Amino acid sequence: MKVNDLNNRLLIMATLVLGMAALAVCLIPDVADADEDAAETSYVATIGDTGYEDLADALEAAMGTTATIDLISDATITTNSPGTAIVTVSANTKLILNLNGHKITSNTRLFKIDQTSDGTEIAINAGTGGKIDVGNQRVIANICTSYATHPDAKVTINGGEYSGDYPFMLYNLNEFTMSDAVLTAPTAGIWLGNNGVQKLTLSNVSVTTSDLDSVGIYLGSVKEATLTNVTVDSASTAIEVKSGTVRIDGSSLTAGEYEAPYGLIGHNGSGSGKSALNINNAYCKNAGVQSVNVNVTNTTLSYKTGV
């Protein structure tokens, strides 16, 4: 073999070795990028470009601002004080919470709206598969210490599944709108207490309750309510109305039983009535109305066991 040929072959082999080494280096992830990716994956939520490892911190940061919280993974909130809300909503908070198909699990209440929450708006967008499970607590507890002060607050729920005991317990709220949602609760899915809600709109909502003294939807104090394509399956009363103008259309109301002689539509005073639809005028004064007006169309009333 000639010397030139040998040198050429050695040069080619050296070039190949260097090329393979360079390729191997390119395939090794950049250490900084790897660390950055690891940090990003530890976040459960973001507000803009800011990531949060704890959803409670994100909720607190959003108070008093206009903010959108995006869940990027399932989130769990645990506190040693169950029953205490994670946040009391500050005045003029404009919050959008996008579940993006993820699940929030909490052992305490998420939001409390009170007299200091004037001018607030909260919207929860579930996305496909989005869920909130608060155990025996509430997703939103709107309990005011005084019924005289009425904050201008609005809540909108778009889609999702919600589990809790009274997951939506609302007092002194201006507007509550819920669509395409599923509620599961032992005692009540939606509870409107004294001076509850000025305007309630439910569409394509399903509520299931399990306790023997439960009520699927309790319209204790409401001025105006529209329920469209609402399904209630209750172990006791499906819907109880105590004030305001209520329109129910295209719905299915199933009670666990009904009490004679009242039947499927009961008019037996405040509380304790077992029927698919129980109507009385107990809280008209608190709601600021003079009477109860209920209009039911295209709706099925039924019971499971009977008495």
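These notes cover the structure that comes with them. Everything quoted here is computed from the prediction, not taken from an experiment.

**What to know about the overall build of the chain**
If you tally the helices and strands in the chain, you get 4 helices and 26 strands. Considering the chain as a whole, with its 307 residues, one finds that 44% of them fall into the buried category. Excluding contacts between residues fewer than 6 apart, the proportion of contacts in the chain whose partners are at least 24 apart in sequence is 63%. A total of about 14400 Å² of accessible surface is found on the chain, and carbon and sulfur atoms cover 51% of it.

**A closer look at the sheet that holds strand E18 (residues 215–219)**
Ordered by their spatial adjacency, 9 strands build an open sheet running E5-E8-E11-E14-E16-E18-E20-E24-E23, and the pairing between neighbours is parallel. Across the chains shown, the open sheet's two edge strands, defined by having one partner strand only, are strand E5 (87–88) and strand E23 (265–266). Bridging between strand E20 (residues 237–241) and strand E24 (residues 277–279) involves 3 bridges; their strand directions are parallel. Bridging from a neighbouring strand, Ile239 pairs with Leu277 of E24.

**Remarks on unusual backbone geometry**
As a rule of thumb, non-glycine residues mostly have phi less than zero, and peptide bonds are mostly trans rather than cis. Residues other than glycine seldom take positive phi values, yet Tyr166 does so here, at roughly 55 degrees. Positioned with a positive phi, Asp180 is a non-glycine residue whose angle comes to about 55 degrees. One can find Asp180 in strand E15 (residues 173–185).

**Re the nonpolar core**
Counting residues in each nonpolar core, the largest one holds 69 residues, and the members touching the most others are Leu55, Ile69, Phe111 and Phe176. Setting aside anything within four residues of it in sequence, one finds Leu55 in contact with Val44, Ala45, Ile69, Leu71, Ala75, Ile77 and Ile104. Grouped together as the second largest cluster of nonpolar side chains are 7 residues, Tyr166, Ala188, Trp191 and Tyr218 included.

**Examining the pattern of salt bridges**
Tallying each qualifying case throughout the model produces 3 salt bridges. Residues Lys274 and Asp213 are paired through a salt bridge, measuring 3.7 Å at the closest nitrogen-oxygen approach. Taken together, the residues span a long stretch of sequence, with Lys274 in the loop between E23 and E24 and Asp213 in the loop between strand E17 (197–209) and E18 at a distance of 61 residues. The exposure class of Lys274 is buried, given its relative accessible area of 16%. For Asp213, a relative accessible area of 66% puts it in the exposed group. A salt bridge links Lys304 to Asp233, with the shortest nitrogen-to-oxygen separation between them at 2.7 Å. Note that Lys304 is positioned in the segment after strand E26 (300–303) and Asp233 in strand E19 (residues 222–233), a separation of 71 residues in sequence. The exposure class of Lys304 is partly exposed, given its relative accessible area of 47%.

**Description of helix H3 (residues 55–62)**
Within H3, the full set of buried residues consists of Leu55, Ala56, Ala58, Leu59 and Ala62. Along H3, the residues classed as buried sweep out an arc of 160 degrees about the axis, all on the same side. Of the residues one or two after H3, Gly64 is the one with positive phi, at around 75 degrees.

**A look at the pairing of strand E9 (residues 121–125)**
Relative to E9, strand E6 (residues 94–98) is paired through 5 bridges, and the arrangement is parallel. By the bridge assignment for E9, Leu95 is matched with Ile122. Where E9 meets strand E12 (residues 154–158), 5 bridges bridge the pair, whose relative direction is parallel. When the sheet's bridge partners are listed, Glu121 is paired in E12 with Lys154.

**Structural notes on the side chain of Arg138**
Looking at where Arg138 falls in the secondary structure, it is placed in the loop between strand E10 (131–133) and strand E11 (140–142). Buried charge without a partner: Arg138 forms no salt bridge, and the closest opposite charge is Asp165, 4.9 Å away. There is a polar contact of 2.9 Å between the side chain of Arg138 and the backbone oxygen of Asp165.

**Looking at the packing of aromatic side chains**
The full count for this structure, using the stated rule, is 5 aromatic pairs. Plain terms: the ring middles of Phe168 and Phe176 are 5.6 Å apart, the flat faces sit at 55 degrees to each other, and that makes the pair tilted. Since its relative accessible area comes to 0%, Phe176 is described here as buried. On the basis of an interplanar angle of 85 degrees and a centroid distance of 4.7 Å, the ring pair of Tyr258 and Tyr303 is categorised as edge-to-face. You can see Tyr258 sitting in the loop between strand E22 (252–255) and E23 and its partner Tyr303 sitting in strand E26, a full 45 residues away along the chain.

**What to know about the environment of Val89**
Tracing the backbone shows Val89 in the loop between E5 and E6. With a relative accessible area of 0%, Val89 lands in the buried category. Along the chain, Val89 and Asp118 lie 29 residues apart, while their C-alpha atoms are 9.0 Å from each other. Once residues within four sequence positions are removed from consideration, Val89 is found in contact with Met63, Phe111, Lys112, Ile113, Thr116, Ser117, Thr120 and Ile122.

**Description of the side chain of Thr299**
Its place among the elements puts Thr299 in the loop between strand E25 (292–297) and E26. Within the local environment of Thr299, its side chain forms a polar contact with the backbone nitrogen of Ser251, the two atoms lying 3.2 Å apart. Here Thr297 takes part through its backbone oxygen, which lies 2.8 Å from a polar atom of the side chain of Thr299. The residues touching Thr299, leaving out its near neighbours within four places in the chain, are Ile248, Asp249, Gly250, Ser251, Ser252 and Leu253.

Rules of the game
Residues numbered from 1 in each chain as written. Predicted model: local features only at pLDDT ≥ 70, side-chain atom pairs only at ≥ 80, totals over all residues. Heavy atoms only, no water. Helix = DSSP H or I, 4+ residues; strand = E, 2+ residues; numbered from the N terminus. Buried < 20%, exposed > 50% of the residue type's maximum accessible area, 1.4 Å probe, protein only. Contact = heavy atoms within 4.5 Å. Areas by Shrake-Rupley, 256 points an atom, 1.4 Å probe, with all protein chains shown as cover. Pairing = 2+ DSSP bridges. Core = buried A, V, L, I, M, F, W, Y, C linked by side-chain atoms within 4.5 Å. Salt bridge = Lys/Arg side-chain N within 4 Å of Asp/Glu carboxyl O. Arc of directions from axis to C-beta. Lys, Arg positive; Asp, Glu negative; His and termini not counted. Polar contact = N/O pair within 3.5 Å; in protein donor to acceptor, adjacent residues only side chain to side chain. Phe/Tyr/Trp six-rings, centres within 6.5 Å; stacked < 30°, edge-to-face > 60°.

Just distances and angles here, no functional claims.
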